Amino acid sequence: MSVGHANGSRGGLRFASLGSGSKGNATLVSDGESMLLVDCGFGLKEAERRLARLGVHPRQLDALLVTHEHGDHVRDIGPLARRYDLPVHLTPGTWLSGKLGRLPRTHWITPQSRFAIKGLDVDAITVPHDAREPVQFRIAAGDRKLGLLTDLGHPSEHVRQAFRGCDALVLECNHDVRMLAEGPYPPSLKRRVGGRWGHLANGQAAALLTELGLDRLQRIVCSHLSEHNNRPELALEALTPLLDGDETRLTVAAQDDGLDWQAIH
């Protein structure tokens with residue numbers, strides 16, 4: 001896909017994934033005039049390669065947004081920001097974790113508040129996760145809304161209220177409960193992943209979708225799948241019955257291949 005096409009759909013809203021999973025996460029969002037990268041958990045060269053695969057050069061980015069300080073989300077934030085002099089939006093708690101190194105330009109995120117980057121309105125939503133001050137994002141261009149909702153242990157009422165009315169949703173389907181229980185993780189890690197401050201299971205994601213409502217959702221992306229405790233077919237199997245046979249709205253963001261540009265109409 002050419003660079004012009006990737007960032008050339010003015011007035012629309014589109015998104016793509018560089019990759020999603022325990023080895024690295026990053027999501028691109030663009031309205032045709034501005035482009036954001038949410039998290040970047042890959043090494044610098046790998047991030048540049050994955051951006052190029054989606055037709056994007058780092059100098060096209062208007063800002064980096066950070067959800068929380070875990071390595072699979074911030075490994076390349078500092079190097080990318082320093083090499084290309086990019087502003088980084090993050091909560092003070094995430095910064096105080098000490099995981100990001102020197103940043104050339106920082107903008108503090110206040111959870112439960114809205115800020116704008118050119119034509120994109122960004123709402124930062126607090127989520128229950130075992131990080132210092134984690135947030136997830138709802139991003140809007142006009143009346144089109146994209147929800148990015150991963151890395152949370154349970155769908156709190158606050159989260160359910162905040163992510164209603166989205167046109168597309170990137171939703172965590174981290175693990176299958178049985179695979180986690182029978183898998184290779186030590187008991188302490190199993191408790192962390194499956195606990196109320198860990199990650200969403202496939203069944204929790206399905207239950208949350210039901211509460212959010214599916215009528216408006218054009219695209220639902222299963223994301224942050226564990227390589228040890230889940231499989232794409234299990235995540236799809238959990239969510240597909242909710243769609244009345246319309247599986248075209250449902251896809252998976254893979255760890256290695258990410259997800260190509262998805263347009264919200």
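Higher on the page you've got the structure.
The text that follows walks through the structure, step by step, so that each part is easy to find. (Residues numbered from 1 in each chain as written. Predicted model: local features only at pLDDT ≥ 70, side-chain atom pairs only at ≥ 80, totals over all residues. Heavy atoms only, no water.)

## A closer look at the sheet that holds strand 4 (residues 63-65)
Line of reasoning, step 1. Reading across from one edge, 6-5-4-3-2-1-14 is the order of the seven strands in this open sheet, with mixed pairing throughout. A strand with exactly one partner marks an edge of an open sheet, and here the two such strands are strand 6 (105-108) and strand 14 (259-264). Strand after strand, the sheet turns through a mean of 25 degrees between neighbouring axes, direction not considered.
Line of reasoning, step 2. Strand direction decides the pairing type here: strand 1 (residues 13-19) and strand 2 (residues 26-30), joined by five bridges, are antiparallel. If you follow R14 over to strand 2, its bridge partner there is S30.
Line of reasoning, step 3. The sheet contacts of helix 4 (residues 77-84) involve strand 3 (35-38), strand 4 and strand 5 (87-90), and relative to strand 4 the element is tilted by about 170 degrees. (Pairing = 2+ DSSP bridges. Helix = DSSP H or I, 4+ residues; strand = E, 2+ residues; numbered from the N terminus. Axes fitted to C-alpha atoms, helices over the stretch in contact; angles between N-to-C directions. Contact = heavy atoms within 4.5 Å.)

## Looking at empty space enclosed by the protein
Line of reasoning, step 1. Tallied over the entire structure, the rule returns one cavity of 30 Å³ or more.
Line of reasoning, step 2. The volume enclosed by the largest cavity comes to roughly 180 Å³.
Line of reasoning, step 3. Residue assignment for the lining of the largest cavity shows that the elements contributing at least two residues are strand 1, strand 2 and strand 12 (219-223). (1 Å grid on protein atoms, 1.4 Å probe; cavity = no way out; pocket = protein on both sides within 12 Å on 5 of 7 lines; lining within 4 Å. Points joined across faces, edges and corners; volume = space filled by probe spheres on them.)

## Some words on the packing of helix 9 (residues 202-212) against helix 10 (residues 232-239)
Line of reasoning, step 1. The contact between helix 9 and helix 10 brings their axes to 9 Å, and the two run at 30 degrees. Judged by the angle between their axes, helix 9 and helix 10 are roughly parallel. Read as a crossing pair, helix 9 and helix 10 show a hand that is right-handed. Where helix 9 abuts helix 10, its residues N202, A205, A206 and L209 lie against L234, A235, A238 and L239.
Line of reasoning, step 2. Looking at side-chain class alone, the contact of helix 9 with helix 10 contains seven nonpolar, one polar and no charged residues. (Parallel < 35°, antiparallel > 145°, perpendicular 65-115°, else oblique. Left-handed = near helix turned anticlockwise from the far one by under 90°. Nonpolar A, V, L, I, M, F, W, Y, C, P; charged D, E, K, R; others polar.)

## Overview of the packing of aromatic side chains
Line of reasoning, step 1. Here the structure, examined in full by the defined rule, presents one aromatic pair.
Line of reasoning, step 2. Measuring from centroid to centroid gives 6.4 Å for W95 and W108, while their planes differ by 55 degrees, and the two rings are tilted. Of this pair, W95 sits in helix 5 (residues 92-96) while W108 is found in strand 6, placing the two residues 13 residues apart along the sequence.
Line of reasoning, step 3. Residue classification places W95 among the partly exposed positions, given a relative accessible area of 31%. (Phe/Tyr/Trp six-rings, centres within 6.5 Å; stacked < 30°, edge-to-face > 60°. Buried < 20%, exposed > 50% of the residue type's maximum accessible area, 1.4 Å probe, protein only.)

## Section: the pairing of strand 10 (residues 144-149)
Line of reasoning, step 1. Bridge count between strand 9 (residues 135-141) and strand 10: five bridges; the pairing is antiparallel. When the bridges of strand 10 are listed, A141 appears paired with R144.
Line of reasoning, step 2. In sequence, strand 9 turns back onto strand 10 through a hairpin of two residues, with G142 there showing a positive phi of about 65 degrees.
Line of reasoning, step 3. Assessed by its sense of winding, the connection that carries the chain from strand 10 through helix 6 (residues 157-162) to strand 11 (residues 168-172) is right-handed. (Right-handed = clockwise from strand over helix to strand, strands pointing away.)

## Here's the deal with the state of the cysteines
Line of reasoning, step 1. In this structure the tally under the stated criterion is zero disulfides.
Line of reasoning, step 2. The thiol of C166 is unpaired, and the distance to the nearest cysteine sulfur, on C173, comes to 15 Å.
Line of reasoning, step 3. Judged by relative accessible area, which is 3%, C166 ranks as buried.
Line of reasoning, step 4. The thiol of C173 is not disulfide-bonded; the next cysteine sulfur, from C222, is found 4.0 Å away.
Line of reasoning, step 5. By relative accessible area, C173 is classed as buried at 0%. (Disulfide = S-S within 2.5 Å.)

## Describing the pattern of salt bridges
Line of reasoning, step 1. Applying the stated criterion to the full structure yields 15 salt bridges.
Line of reasoning, step 2. Taking the shortest distance from any N to any O, the salt bridge between E227 and K23 comes out at 3.7 Å. Taken together, the residues E227 in the loop between strand 12 and helix 10 and K23 in the loop between strand 1 and strand 2 connect sequence positions 204 residues apart.
Line of reasoning, step 3. A residue is classified by how much of its surface remains accessible, and K23, at 52% relative accessible area, is exposed.
Line of reasoning, step 4. Note that E211 is salt-bridged to R160, the shortest N-O span being 2.9 Å. Note that E211 is positioned in helix 9 and R160 in helix 6, a separation of 51 residues in sequence.
Line of reasoning, step 5. Overlapping salt bridges, with partners in common, bring together E46, R49 and R50 in one network. (Salt bridge = Lys/Arg side-chain N within 4 Å of Asp/Glu carboxyl O.)

## Looking at the layout of surface pockets
Line of reasoning, step 1. In this model, the largest pocket occupies a volume close to 250 Å³.
Line of reasoning, step 2. Surrounding the largest pocket, 17 residues form its lining, S20, L225, E227, A254 and Q255 being those nearest its centre.
Line of reasoning, step 3. A per-class count over the lining of the largest pocket returns six nonpolar, six polar and five charged.
Line of reasoning, step 4. The volume enclosed by the second largest pocket comes to roughly 190 Å³.
Line of reasoning, step 5. Looking at the second largest pocket, it is lined by 16 residues, and the ones nearest its centre are S22, D72, R192, H199 and H224.
Line of reasoning, step 6. Only helix 3 (71-74) and helix 8 (187-194) provide two or more residues apiece to the lining of the second largest pocket.
Line of reasoning, step 7. Its residues assigned to classes, the lining of the second largest pocket comprises three nonpolar, ten polar and three charged.

Geometric values such as these leave the question of function open.
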